[in-house]
Structures are given as structure tokens and as C-alpha cells.
Amino acid sequence: MADEIRGCTACPLHRSARQAVPGEGSAEGRILFLGEAPGYNEDVQGRPFVGAAGQLLDELLRGIGLDRTKVFITNVVRHRPPENRDPLSEEVAACDVWFQRHLAVLQPKVVVTLGRFAMYKFMPGQSITRVHGKAQRVGDVTVFPMFHPAAARHQPSLRGELVKDFQTLAQLLAAPGPDPKKPEPVAATQQTLFG
Ligand code: URA
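Residues numbered from 1 in each chain as written. Predicted model: local features only at pLDDT ≥ 70, side-chain atom pairs only at ≥ 80, totals over all residues. Heavy atoms only, no water.

1. Quick notes on the overall build of the protein chain
Filter applied, for reference: Note on conventions: DSSP H or I runs of at least 4 residues are helices, E runs of at least 2 residues are strands, and numbering of each starts at the N terminus. The atom set for the radius of gyration is the C-alpha atoms, and the globule formula is 2.2 Å times the number of residues raised to the power 0.38. Should any heavy atoms of two residues lie within 4.5 Å, those residues are counted as being in contact. Residue burial considers only the protein chains on display, and all accessible areas are found by Shrake-Rupley using a 1.4 Å probe. Counting rule for charge: Lys and Arg are taken as positive, Asp and Glu as negative, and neither His nor the chain ends is counted. Lys charges are placed at NZ, Arg charges at CZ, Asp charges at CG and Glu charges at CD.
Looking only at helices and strands, the protein chain features nine helices and six strands. For 195 residues, the compact-globule estimate of 2.2 N^0.38 gives 16 Å, and the C-alpha radius of gyration of the protein chain, at 16 Å, lies within 12% of that figure. Projected onto its principal axes, the C-alpha positions of the protein chain cover 45 × 35 × 30 Å. Across the protein chain, every contact between residues at least 6 apart in sequence was considered, and the portion connecting residues at least 24 apart equals 67%. For the protein chain, the computed accessible surface area is about 9,400 Å², with 50% contributed by carbon and sulfur atoms. Considering the protein chain, the positive charge centre built from 23 side chains and the negative charge centre built from 20 side chains are found 2 Å apart.

2. Examining the pattern of salt bridges
Pairing between side chains of opposite charge can happen when their charged atoms approach one another. Note the threshold: Definition used for salt bridges: Asp or Glu carboxyl oxygen within 4 Å of a side-chain nitrogen of Lys or Arg.
In total, this model carries twelve salt bridges according to the counting rule given. Measuring nitrogen to oxygen at the nearest pair gives 3.0 Å for the salt bridge that ties Arg68 to Asp58. Taken together, the residues Arg68 in the loop between helix H4 (52-63) and strand E3 (72-75) and Asp58 in helix H4 connect sequence positions ten residues apart. Through salt bridges that share partners, Glu24, Arg47, Asp58 and Arg68 make up one connected network.

3. Concerning the site of the ligand
We apply this condition: We call a residue near a molecule or strand whenever a single non-hydrogen atom of that residue lies within 4 Å of it. In protein, a polar contact requires one atom able to donate a hydrogen and another able to accept it; more generally it is a pair of N or O atoms within 3.5 Å, and residues adjacent in sequence count only if both atoms are side-chain atoms. Any residue outside Ala, Val, Leu, Ile, Met, Phe, Trp, Tyr, Cys, Pro, Asp, Glu, Lys and Arg is labelled polar, Gly included; the first ten of those are nonpolar and the last four are charged.
For the ligand, the full set of nearby residues is Gly35, Glu36, Ala37, Glu42, Pro48, Phe49, Asn75 and His148. Note that a nitrogen atom of the ligand is positioned 2.7 Å from one of the side-chain N or O atoms of Asn75. Taking His148, its side chain carries an N or O atom lying 2.8 Å from an oxygen atom of the ligand. Here the shell around the ligand is built from residues that sort into three nonpolar, three polar and two charged.

4. Considering the packing of aromatic side chains
Note the threshold: Only rings of Phe, Tyr and Trp enter the pairing, Trp through its six-membered ring, and a pair is recorded when the two centres are within 6.5 Å. The plane angle decides the type: under 30 degrees is stacked, over 60 is edge-to-face, the rest tilted. In this scheme, a residue with accessible area under 20% of its type's maximum is buried, one over 50% is exposed, and one in between is partly exposed, where area comes from a 1.4 Å probe on protein chains only.
Evaluation of the coordinates by the stated rule reveals three aromatic pairs. Measuring from centroid to centroid gives 6.1 Å for Phe33 and Phe166, while their planes differ by 15°, and the two rings are stacked. In this pair, Phe33 sits in strand E2 (residues 31-35) while Phe166 sits in helix H9 (residues 157-174), placing the two residues 133 residues apart along the sequence. For the pair formed by Phe33 and Phe166, the shared burial category is buried.

5. Description of the pairing of strand E4 (residues 110-114)
Within E4, five of the five residues are buried, which leaves the element mostly enclosed by the surrounding structure. Residues Val110, Val112 and Leu114 point to one face of E4 and Val111 and Thr113 to the other, with burial holding for every one of them.

6. Topic: the side chain of His79
Assignment of secondary structure puts His79 in the loop between E3 and helix H5 (89-106). Not counting the four nearest positions on each side in its chain, His79 is found in contact with Ile5, Cys8, Leu13, His14, Ala17, Gln19, Ala20 and Pro38.

7. Points about H9
What counts here: To estimate how far a helix should extend, the number of its residues minus one is multiplied by 1.5 Å. Working note: the arc is built from the helix axis to C-beta atom directions.
An ideal rise of 1.5 Å per residue puts 26 Å on 18 residues; H9 measures up with 27 Å between its terminal C-alpha atoms. Buried within H9 are the following residues: Leu158, Leu162, Asp165, Phe166, Leu169, Leu172 and Leu173. Buried positions in H9, seen along its axis, are confined to an arc of 115° and lie on one side of it. Counted as exposed and oriented over 90 degrees from the buried face of H9: Ser157, Lys164, Gln171 and Ala174. As for H9, its buried residues are in contact with E2, H4, E4, strand E6 (141-146) and helix H8 (149-154).

8. Here's the deal with the confidence of the model for the protein chain
Operational definition: Known as pLDDT, the predictor's per-residue confidence is scaled from 0 to 100.
In the predicted model, the protein chain carries a mean pLDDT of 92, and 90% of its residues have values of at least 70. In the predicted structure, residues 180-195 sits below a pLDDT of 50 and forms 46 contacts with residues beyond four places in sequence or in another chain.

Structure representation (C-alpha cells):
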């Protein structure tokens, strides 16, 4: 699938980007981190979250005893938008085919969305300030929205929110709970995942 993504020409971003950034990590943990789009470093290396935002993500993962080899990390769009502009809705729509394939293959118990573009995949138009750090069941998937690590670099107050949200995520992952493959109505506050 990574090779298929590397050959993708479904939107114009492949023309300006150096290469695609398909995503990487482990399927076993069944935790999918979804970022926004590759930036400069990701475009050069072909790997997600390898720049400054990635360093913070690694730190936050380590803080709850995880690392990037135990989760899967990908982005809403898999080619870098020129000058790091926001991805356009047509680009997001064109790249959705890969997200759906990732969901089907990885069957994540939880999708952690980083930033509003990733959150919009499940909760279009929602306010990230309102919903971050709260697990929500959307269809068959448990979604855990968070601020984007890059936002915390520009707004230091968000860093504390991210640290807190990672602690909440750790609790969610540690507690026993239903398998999202067998959906049943569970209040978001009672929702737990592993065990
Ligand atoms: N920001 C993202 O959203 N994704 C990356 O891969 C890197 C930075």
C-alpha cells in the first residue's frame, strides 16, 4: 500500500512535492495517529512527523510509555502542500481513499486526530477547543481529538493541554472496554478500549 501511495497522482500535490509520505508504524497496537500534511522535513525524508512537531509528538508518546514503533502515524494528505499551506478540500477528498484503506487494514481501536483537519474527517465543523481530550465514538471508530503538536510550538499554553490529553489517552488505552468492531452504545466518558 505504501508503494501505491507513492505512485498516487489523484490530486495536484504530487507535482510540487518531492515524494509522498505514506505513513509508518505498527498495525499491532491498533492506534492510529492522524496528522494534517507533510511539512518540509517529511517531504525530504518521506516519513511522517520527523521535524520539530514530530519531536514533540515523540516526547508526548514517550511520556505515556509509547513510541512511534508501537502506533501507526499518517496524515490527512500524503503529499506536502506548497509552502505548507492548508490542504484544500479537493486534496483532502482525493486522499481519503488511502485513509479508508488504512482504517480497513489497521482496524484501529482508537484514532487520535492531531489538529482540526484530522478532526474534521470525523467531526466536520467541530471546535477543537471544545472537544479535544474527549473520546467520541464515530461510527465504528473511537476518535480522540487533540491539538496539533505544531500549534503547541506557537502557543505554549497548548502544550499543557496536549500533555493532559496524552494522560487521558493513556487511561483510555489502559482500561478494559468494548471492541469497536462490535459497536454498542457507550457514553464517551465511560468508554475504554483495551483489556
Ligand atoms: N505535521 C503534520 O501534520 N504531519 C506531519 O507529518 C508533520 C508535521
